[in-house]
Protein chains: 2
Amino acid sequence: MKNVLLKIQYDGTLFSGWQKQPELRTVQGEIEKVLTKLCCQTIEINGASRTDAGVHAYGQAATFKGDYAIPVENIKKAANNLLPEDIYILSAEEVDDDFHARFSSKGKTYEYKILYTKEKDIFSRNYYYNICKELDIEAMKKACGYFIGSHDFRAFMSSGSNVTDTVREIYDLNISVKKKSAKKKEILIEVTGNGFLYNMVRIITGTLVEVGLKKIKPEEILNIIESKNRYMAGHIAPAGGLYLKEIYFSDLQKGENI
Amino acid sequence: MKNVLLKIQYDGTLFSGWQKQPELRTVQGEIEKVLTKLCCQTIEINGASRTDAGVHAYGQAATFKGDYAIPVENIKKAANNLLPEDIYILSAEEVDDDFHARFSSKGKTYEYKILYTKEKDIFSRNYYYNICKELDIEAMKKACGYFIGSHDFRAFMSSGSNVTDTVREIYDLNISVKKKSAKKKEILIEVTGNGFLYNMVRIITGTLVEVGLKKIKPEEILNIIESKNRYMAGHIAPAGGLYLKEIYFSDLQKGENI
């Protein structure tokens, strides 16, 4: 019995999210179809994160077990030949029998991309959150500091989740700005933590955007966290701007340079 | 009777090209539907260029005539509110009665985007020509020089066109390289001319790529042009990398800084 860890990239635009659902086009569903074919047996994969419809991944991780003939070193090439053009396997490697993409994960990094542009930019509609008002980046950076650490992030969780322990630790939350042209700026939010609640990164982003728009003061973040009330936090930023960047399988320390 | 010039941006990915065709989703078809609604009368628009399926536009131009109530200065906003999210009107302005987007055009600039990347990049699949082999950029730049000027470009025209005069003038053909990351480079080909034959920019690009791959020598370009034989030129580069950048309505001179 082999246990294999896949590192996967996908463009979430045309998927109803990661998780397999009958009748819908999902990332898990497409990958399982291909692996089932290659392995000549029903394969089920376990993803580290169940990304929503429209959310992208640069580095999703998933494991699957099976007793099949195809050598592990051939899986990447063989699967990529069969996969649709919006999924790409970056690597496939054999791991210990008790390794599990979800339960063995120690942390994750997400990236959220905002495009500041005066005129609508149709080419970025599925890949960025388009904002046409100037954002106060310094205020947003100041607000980031309040999120770092271990908190009950219930205020930053959408309803529809049955999670009861809503304490998570954020190790790192950074904002960087790249000028793309005279009229366009890319604002990148990168967040690393031991885990994230349902829609947590998108609600943190929406809240940071409201700080940037001066609707929320940076120092109010702590009150919002403490309120544990979803209605105190900002709006939920669109799915298309969110990228699952990396899954970590070794211990991370707060402030570690990752 | 008003005559209005539109400047239009579109993401060609989900369109069967510019030109209206029954049962198919086309850019012209979508815009005409919206203008017909806004103007309360059947509107037909004339585009400067009939881009193919998958080809994008930063600056397509189109004109339409009609005797309608909506003020010209309101068209941009009203149309953008109704248009699908992959089309955007950049401007709408009244022009002289005899002005026609296609017949009044003096030249066009196209941009072709190549992404050099060792690993497949799924996010660029509809917007770049992905090439994983190193290209000899200096050789490609040298080859560009041979295209400049007035030539019979029959060798660079796909079959299926009923054009008989195949002489066109290329004013400018440039290649620039932008580093995107450690493993990725963007190679931009910009070409300006008085007009282009069917698929001409994509076949020029394919030929330049073959120069970059050392399959064709730069100095062979002149022989290829003189052969007037499609089979002497290189392959046709994919539609998704091509962008109609600008339409010019005043005279352009060779070497002019445009």
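Counting from 1, residues in each chain are numbered in the order their sequence is written. Chain letters and ligand numbers both follow the written order, the letters beginning at A and the numbers at 1. Local features in a predicted model are, by the rule used here, given only for residues with pLDDT of at least 70; side-chain atom pairs are given and counted only at 80 or more, and totals for whole chains, interfaces and linings are based on all residues. Neither water nor hydrogens contribute to the side-chain values; these are computed over all heavy atoms in the structure.

Draft legend 1. Representation of the interface of chain B and chain A in the model. Residue contacts follow a heavy-atom distance rule, with two residues in contact if any of their heavy atoms lie within 4.5 Å. Of the residues lining the interface, 21 residues belong to chain B; the matching set on chain A comes to 21 residues. Note on definitions: buried area is the accessible-area loss of two parts on being combined, 1.4 Å probe, summed for both. Among the residues chain B hides against chain A, the three largest losses belong to Ile122, Phe123 and Arg125 of chain B. Together they make up 36% of the total. When a carboxyl oxygen of Asp or Glu lies within 4 Å of a side-chain nitrogen of Lys or Arg, that pair is called a salt bridge. Between the two partners, chain B and chain A, sit six salt bridges. Salt-bridge contacts for Arg125 of chain B lead to Asp11 of chain A; the nearest nitrogen and oxygen are separated by 2.9 Å. Any pair of nitrogen or oxygen atoms within 3.5 Å is treated as a polar contact; in protein, a donor-acceptor pairing is required on top of that, and neighbouring residues in sequence qualify only through side-chain atoms on both sides. Taken together, the connections running from chain B to chain A amount to six residue pairs in polar contact (both at pLDDT 80 or more). Residues were grouped as follows: Ala, Val, Leu, Ile, Met, Phe, Trp, Tyr, Cys and Pro as nonpolar; Asp, Glu, Lys and Arg as charged; and all remaining residues, including Gly, as polar. Across the side of chain B that touches chain A, the residue classes break down as eleven nonpolar, three polar and seven charged.

Draft legend 2. A look at helix H2 (residues 72-82) of chain A. Summary of the burial criterion: residues with accessible area below 20% of their type's maximum are buried, those above 50% are exposed, and those between are partly exposed, where the area comes from a 1.4 Å probe applied to protein chains only. We count a stretch as a helix when DSSP gives it H or I for four or more residues in a row; a strand needs E for two or more, and each element gets its number in order from the N terminus. Among the residues of H2 of chain A, Val72, Ile75, Ala78, Ala79 and Asn80 of chain A are the ones counted as buried. The secondary structure elements touched by the buried residues of H2 of chain A are strand S1 (2-10), helix H1 (27-39), strand S3 (56-66) and strand S4 (87-94) of chain A.

Draft legend 3. How the structure looks around the environment of Ser16 of chain A. All names here are of chain A. Position of Ser16 relative to the elements: it lies in the loop between S1 and H1. Assessed through its relative accessible area of 26%, Ser16 is described here as partly exposed. With 36 residues separating them along the chain, Ser16 and Asp52 place their C-alpha atoms 7.0 Å apart. The residues contacting Ser16, other than those within four sequence positions of it, are Gln21, Leu24, Arg25, Thr26 and Ala53.

Draft legend 4. Seen up close, the packing of aromatic side chains. In this analysis, rings of Phe, Tyr and Trp, with Trp reduced to its six-membered ring, are considered paired at centre separations within 6.5 Å, and the interplanar angle assigns stacked below 30 degrees, edge-to-face beyond 60, and tilted for intermediate values. Under the counting rule described, the total for this entry stands at 22 aromatic pairs over all chains. With 6.2 Å between their ring centres and 70° between their planes, Phe153 of chain A and Phe156 of chain A make a pair best called edge-to-face. By relative accessible area, which is 0% here, Phe156 of chain A ends up buried. An aromatic cluster is built from Tyr58, Tyr127 and Tyr243 of chain A together with Phe123 of chain B, whose rings are joined through pairwise contacts. Charges are assigned to positions over rings by a cutoff of 6 Å between ring centre and Lys NZ or Arg CZ, combined with an angular limit of 35 degrees from the ring normal. Taking NZ or CZ as reference, Lys113 of chain A lies 4.5 Å from the ring centre of Tyr243 of chain A, over its face.

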